[in-house]
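The residues making up each chain are set out below.
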Amino acid sequence: MTTRDLLRGLPVLAHDMPSFDPTDVPAEPTALFADWLAGAVAAGVDEPHAMTVATVDAGGAPDVRVLILKDLNVEGWHFATTATSAKGRQIAGNPLVALGFHWREQGRQVRVRGTARPADPAVSRRDFLARPEGSRIATLAGRQSAVLADRAELDRELAEVRARLAADPGLVAEGHTVYSVTPASVEFWQADRERRHVRLRYRRDADGWSRDLLWP
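Here the structure is a predicted model, which means the values were calculated and not measured.

Conventions adopted
Residues numbered from 1 in each chain as written. Predicted model: local features only at pLDDT ≥ 70, side-chain atom pairs only at ≥ 80, totals over all residues. Heavy atoms only, no water. Helix = DSSP H or I, 4+ residues; strand = E, 2+ residues; numbered from the N terminus. Buried < 20%, exposed > 50% of the residue type's maximum accessible area, 1.4 Å probe, protein only. Contact = heavy atoms within 4.5 Å. Areas by Shrake-Rupley, 256 points an atom, 1.4 Å probe, with all protein chains shown as cover. Lys, Arg positive; Asp, Glu negative; His and termini not counted. Charge placed at Lys NZ, Arg CZ, Asp CG, Glu CD. Phe/Tyr/Trp six-rings, centres within 6.5 Å; stacked < 30°, edge-to-face > 60°. Lys NZ or Arg CZ within 6 Å of the ring centre and 35° of its normal. Patch = residues over 30% accessible without salt bridge, like charges linked within 9 Å, V, L, I, M, F, W, Y side chains within 5 Å. Salt bridge = Lys/Arg side-chain N within 4 Å of Asp/Glu carboxyl O. Expected span 1.5 Å × (residues − 1). Arc of directions from axis to C-beta. Axes fitted to C-alpha atoms, helices over the stretch in contact; angles between N-to-C directions. Parallel < 35°, antiparallel > 145°, perpendicular 65-115°, else oblique. Left-handed = near helix turned anticlockwise from the far one by under 90°. Pairing = 2+ DSSP bridges. UniProt positions renumbered as here; feature names shortened; annotations may be inferred.

S.K.: Just checking my understanding: could you explain the overall build of the protein for this structure?
M.R.: The number of helices and strands found in the protein is six helices and nine strands. In the protein, buried positions account for 37% of the 216 residues. Sequence separation of at least 24 residues holds for 63% of the intrachain contacts in the protein that already meet a minimum separation of 6. With an accessible surface of roughly 12,900 Å², the protein has 52% of that area assigned to carbon and sulfur atoms. Considering the protein, the positive charge centre built from 28 side chains and the negative charge centre built from 29 side chains are found 3 Å apart.

Take a look at the structure:
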């Protein structure tokens, strides 16, 4: 069997999915997202707060990775990273980003396009101190995305950082930054077995938000 045959034989959208009435929605997208997120949690979707974050580098080449949503409020969607990481440097050079959520069990996607801005340092500090110990240790070790010549070097660095953190539990990694993504457009996508997918797009304009239905 070829890879193509294997892929063609896999089922797509073959499970039960919720309905979505695009005429009965809030005036702004964060409220609808909060409702969909709560629904995903209640339905047992695995890691519903995981999202892809897309950025572009100095040459205009796209980059993407999976991060965890930290918060959602009137300012937008929030995630955290180190300002000196690849994505942190890319955001500093071009703050336009895209976020993607995929809740497979419900046949739902949410696409956010907007501008990422660093939050207040106090917000970033609180976020860092609330992270699990392993996450804080990894961040304090730094050098994310740098070339690693030997994994033994990583083990030594993590052990040293673990000792530093034990001696000073309030230690915060320099450069740890929470970013807030102010949305310019947000699309909600509900799958349908017959491919009559429902696509609702919010777009920010001078008067607030406009809404459009899109062809599947």
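S.K.: Please clarify how the packing of aromatic side chains should be interpreted in this entry.
M.R.: Ring pairs (aromatic) are described by centroid distance and by the angle formed between their planes. Within the structure shown, the criterion is met by nine aromatic pairs. Judged by centre distance (6.0 Å) and plane angle (50°), the ring pair of phenylalanine 101 and tryptophan 103 falls under tilted. Of the two residues examined, phenylalanine 101 and tryptophan 103, each falls in the buried class. Where phenylalanine 188 meets tyrosine 202, the ring centres are 5.8 Å apart and the plane angle is 70°; that geometry is what we call edge-to-face. Residue phenylalanine 188 is located in strand β7 (residues 176-190), and its partner tyrosine 202 is located in strand β8 (residues 198-205); the two are separated by 14 residues in the primary sequence. Judged by its relative accessible area of 0%, phenylalanine 188 is buried. Three or more aromatic residues joined by ring pairs form one cluster here, namely Phe20, Trp36, Phe188, Tyr202 and Trp209. Its end group placed over the ring of tryptophan 36, arginine 108 keeps NZ or CZ at 4.0 Å from the ring centre.

S.K.: Teacher, can you tell me more about a nonpolar patch on the surface here?
M.R.: Together, Met1, Leu6, Leu7 and Leu10 give the surface a local cluster of nonpolar side chains, amounting to about 480 Å² of exposed area. Tracing the sequence through the fold places methionine 1 in the segment before α1 (3-8).

S.K.: Hey, could you run me through helix α2 (residues 29-42) in this one?
M.R.: One turn of the α-helix equals 3.6 residues, which is why residues spaced by three or four share an orientation. Here α2 is 14 residues long and its end C-alpha atoms lie 20 Å apart, about the 20 Å a rise of 1.5 Å per residue gives. Of all the positions in α2, only Pro29, Thr30, Leu32, Phe33, Trp36, Leu37 and Ala40 are classed as buried. Seen end-on, α2 carries its buried residues on one side only, within an arc spanning 155°. Summarising the geometry of α2, the exposed residues directed more than 90 degrees from the buried face are Asp35, Val41 and Ala42.

S.K.: Explain the packing of helix α5 (residues 133-141) against helix α6 (residues 151-167) to me, please; I cannot follow it from the model alone.
M.R.: Any two packed helices are characterised by how steeply their axes cross, that is the angle between the axes, and by the distance between the axes. Two elements in contact, α5 and α6, have axes separated by 9 Å at closest approach and are oriented at 115°. The pairing of α5 with α6 is recorded here as roughly perpendicular in orientation. The handedness of the crossing between α5 and α6 comes out as right-handed. Judged by residue contacts, Glu133, Arg136, Ile137, Ala138, Leu140 and Ala141 of α5 engage Glu157, Leu158, Val161, Arg162 and Leu165 from α6.

S.K.: Before we go on, may I ask you to explain the side chain of serine 180 in this structure?
M.R.: Inspection of the secondary structure assignment puts serine 180 in strand β7. On the basis of relative accessible area, serine 180 is assigned to the buried category, the value being 8%. Ignoring anything within four residues of it in the chain, the contact list for serine 180 reads Glu75, Gly76, Trp77, His78, Thr115, Ala116 and Arg117.

S.K.: So what exactly am I meant to see when it comes to the pairing of strand β4 (residues 76-82) here?
M.R.: Here is the key point about a regular strand: its side chains alternate between the two faces of the sheet. Of all seven residues in β4, seven are buried, a share of seventy percent or more. As paired strands, strand β3 (residues 71-73) and β4 are joined by three bridges and run antiparallel to one another. The partner of leucine 72 across the bridge, within β4, is tryptophan 77. Counting the residues between successive antiparallel strands, the hairpin from β3 to β4 contains two residues. Where β4 lies against β7, six bridges are found, and the strand directions are antiparallel.

S.K.: What should I look at first to understand the UniProt feature "domain: Pyridoxamine 5'-phosphate oxidase N-terminal" (unreviewed entry) in the protein in this one?
M.R.: Sequence positions flagged by UniProt for "domain: Pyridoxamine 5'-phosphate oxidase N-terminal" (unreviewed entry) are, in local numbering, residues 40-163. Secondary structure within residues 40-163 divides into 35% helix and 35% strand; the distance between the first and last C-alpha atoms comes to 39 Å.

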